[in-house]
Amino acid sequence: MIVLKSHQEIALMRKAGIIVAETLDRLQKEIVPGATTAHLDLVARKCIKEFDARPAFLGYQGFPASICASINEEVVHGIPGIRRLREGDIISIDVGVQYKGYFGDSARTFAVGEVSPLARRLIEVTRGALYCSLEKARPGNRLYDISFAIQDHAESRGFFVVRNYVGHGIGSNMHEEPQVPNFGTPGRGSLLEPGMVLAVEPMVNVGTWEVETLSDEWTVVTKDRSLSAHFEHTVAIMEDGPEILTASQ
Ligand code: MG
Ligand code: MG
């Protein structure tokens, strides 16, 4: 069942979203060669606490950190640690917070210093896939209009969308119905209605859609170890169209 949110609930989710965006903005300044992912995690944790919010990932199914930090061929769910960023890396950072009972969830892929033209293009295409799919998040459209927009944008540019992990509804739970795949047939899926709030999150790979999980049982990597990027926004479907709740202010 898809839970529709009231204007009051969306107002709380807007605040959660602002905290997520502010955290990602602060992290962006810390993305430099030599920084450890544990340092990024600490910066995020402090920022989230400053806003009287709670890092949603910490302890979620046993996850040991406040953010997911996934480098290069890592797709999602990378665990922050002693690894240092190197010039030319790309890093996907996923931030989730809970504020007054409501969740916000957003991810961005950052370049560490100068990156290869391929890495730069992957980042641009993945970001583009997210934004063109969000345009479809309006009443009267169908859920897989969003999914297809992601798939079409990425695949027509020669990249691959991850199929094993999907976006999701979000509200007083971090993960709610419906699942939001990054591929699908336009005109199909649930009818989009005002009050639906979705976390739309394209994960785009250079060489294959296939992924596998490392022995830490968290880190998801591309099967061929090609680069992967991840962008995510929490979007509310309003009467007059999409409102991105996790947009940078
Ligand atoms: Mg996320
Ligand atoms: Mg998510």
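Relevant structure appears above.
These numbers come from a predicted model, not from an experiment.

Asks: Run through the coordination of the magnesium ion (ligand 1), naming residues and quoting values.
Replies: Within the protein, the atoms that donate to the magnesium ion (ligand 1) are Asp94 (OD), Asp94 (OD), Asp105 (OD) and Glu232 (OE), at distances of 2.0 to 2.5 Å. One chain supplies every donor for the magnesium ion (ligand 1), spaced along it as D-x10-D-x126-E. The two metals, the magnesium ion (ligand 1) and the magnesium ion (ligand 2), are separated by 3.1 Å and share Asp105 as a common coordinating residue. Of this pair, Asp94 sits in strand E4 (residues 90–99) while Asp105 sits in strand E5 (residues 102–111), and the two are 11 residues apart along the sequence. This pair shows no difference in class: Asp94 is buried, exactly as Asp105 is.

Asks: Lay out the coordination of the magnesium ion (ligand 2) with the relevant residues and their values.
Replies: Only Asp105 (OD), His168 (NE2), Glu201 (OE) and Glu232 (OE) from the protein coordinate the magnesium ion (ligand 2), and they sit 2.1 to 2.3 Å from it. Here the donor residues for the magnesium ion (ligand 2) map to a single chain with the spacing D-x62-H-x32-E-x30-E. Judged by relative accessible area, which is 5%, His168 ranks as buried.

Asks: An account of helix H1 (residues 7–30) is needed here, citing residue identities and associated values.
Replies: Side chains of residues three or four places apart in an α-helix project in the same direction, reflecting 3.6 residues per turn. For H1, built from 24 residues, the straight-helix expectation of 34 Å at 1.5 Å per residue is met to within 8% by its first-to-last C-alpha distance of 35 Å. Those residues of H1 that fall on the buried side of the exposure criterion are Ile10, Met13, Ala16, Gly17, Ile19, Val20, Ala21, Thr23, Leu24, Asp25 and Leu27.

Asks: Break down the environment of Phe103 for me, citing the residues and quoting the values.
Replies: Relative to the helices and strands, Phe103 resides in strand E5. A sequence separation of 70 residues divides Phe103 from Pro33, and the C-alpha atoms of the two residues are 31 Å apart. Filtering out sequence-adjacent residues up to four positions away, Phe103 remains in contact with Met13, Ala16, Arg54, Ala56, Val97, Gln98, Ile170, Gly171, Ser172, Asn173 and Met174.

Asks: If you had to explain the pattern of salt bridges to someone new, which residues and values would you point to?
Replies: For the structure shown, the criterion picks out 11 salt bridges. The partner of Arg45 in a salt bridge is Asp41, with the nearest N and O atoms 2.7 Å apart. With Arg45 and Asp41 both in helix H2 (residues 37–50) and four residues apart, this pair spans about one turn of that helix. The residue Glu74 makes a salt bridge to Arg83 at a minimum N-O spacing of 3.3 Å. For Glu74, a relative accessible area of 11% gives the class buried. Arg83 sits in the partly exposed class, given a relative accessible area of 36%. A single salt-bridge network, built from bridges that share partners, covers Glu22, Arg26 and Glu50.

Asks: Which residues make up the sheet that holds strand E6 (residues 160–161), and what values go with them?
Replies: On the basis of which strands lie adjacent, the open sheet formed by three strands has the order E6-E10-E13 and antiparallel pairing. At either end of the open sheet lies a strand with only one pairing partner, and these are E6 and strand E13 (228–230). Across two bridges, E6 lies against strand E10 (residues 203–205) in antiparallel orientation. The residue of E10 that forms the bridge with Val161 is Val204. Here helix H3 (residues 117–134) sits on the sheet in contact with E10 and E13, set at roughly 35 degrees to E13.

Asks: Please give an account of the side chain of Asn205 that cites residues and values.
Replies: Structurally, Asn205 is set in strand E10. Residue Asn205 is classed as buried on the basis of its relative accessible area of 0%. Within polar-contact distance, the side chain of Asn205 engages the backbone oxygen of Thr208 at 2.9 Å. Leave out the neighbours within four places in its chain, and Asn205 touches Val75, Leu122, Phe159, Phe160, Val162, Glu210, Val211, Thr222, Leu227 and Ser228.

Asks: Explain the packing of H1 against H2 to me, and be specific about the residues and the numbers.
Replies: As a packed pair, H1 and H2 sit with axes 9 Å apart at the nearest point and diverge in direction by 145 degrees. Every pair of crossing elements has a handedness; the one defined by H1 and H2 is right-handed. In this structure, H1 uses Ile19, Glu22, Thr23, Arg26, Leu27 and Glu30 to contact H2, whose residues at the interface are His39, Leu40, Val43, Ala44, Cys47, Ile48 and Glu50. For the contact of H1 with H2, the per-class residue count stands at seven nonpolar, two polar and four charged.

Conventions adopted
Residues numbered from 1 in each chain as written. Chains lettered and ligands numbered in written order. Predicted model: local features only at pLDDT ≥ 70, side-chain atom pairs only at ≥ 80, totals over all residues. Heavy atoms only, no water. Donors = N, O, S within 2.8 Å, 3.2 Å for Na, K, Ca; no water. Helix = DSSP H or I, 4+ residues; strand = E, 2+ residues; numbered from the N terminus. Buried < 20%, exposed > 50% of the residue type's maximum accessible area, 1.4 Å probe, protein only. Expected span 1.5 Å × (residues − 1). Contact = heavy atoms within 4.5 Å. Salt bridge = Lys/Arg side-chain N within 4 Å of Asp/Glu carboxyl O. Pairing = 2+ DSSP bridges. Axes fitted to C-alpha atoms, helices over the stretch in contact; angles between N-to-C directions. Polar contact = N/O pair within 3.5 Å; in protein donor to acceptor, adjacent residues only side chain to side chain. Left-handed = near helix turned anticlockwise from the far one by under 90°. Nonpolar A, V, L, I, M, F, W, Y, C, P; charged D, E, K, R; others polar.

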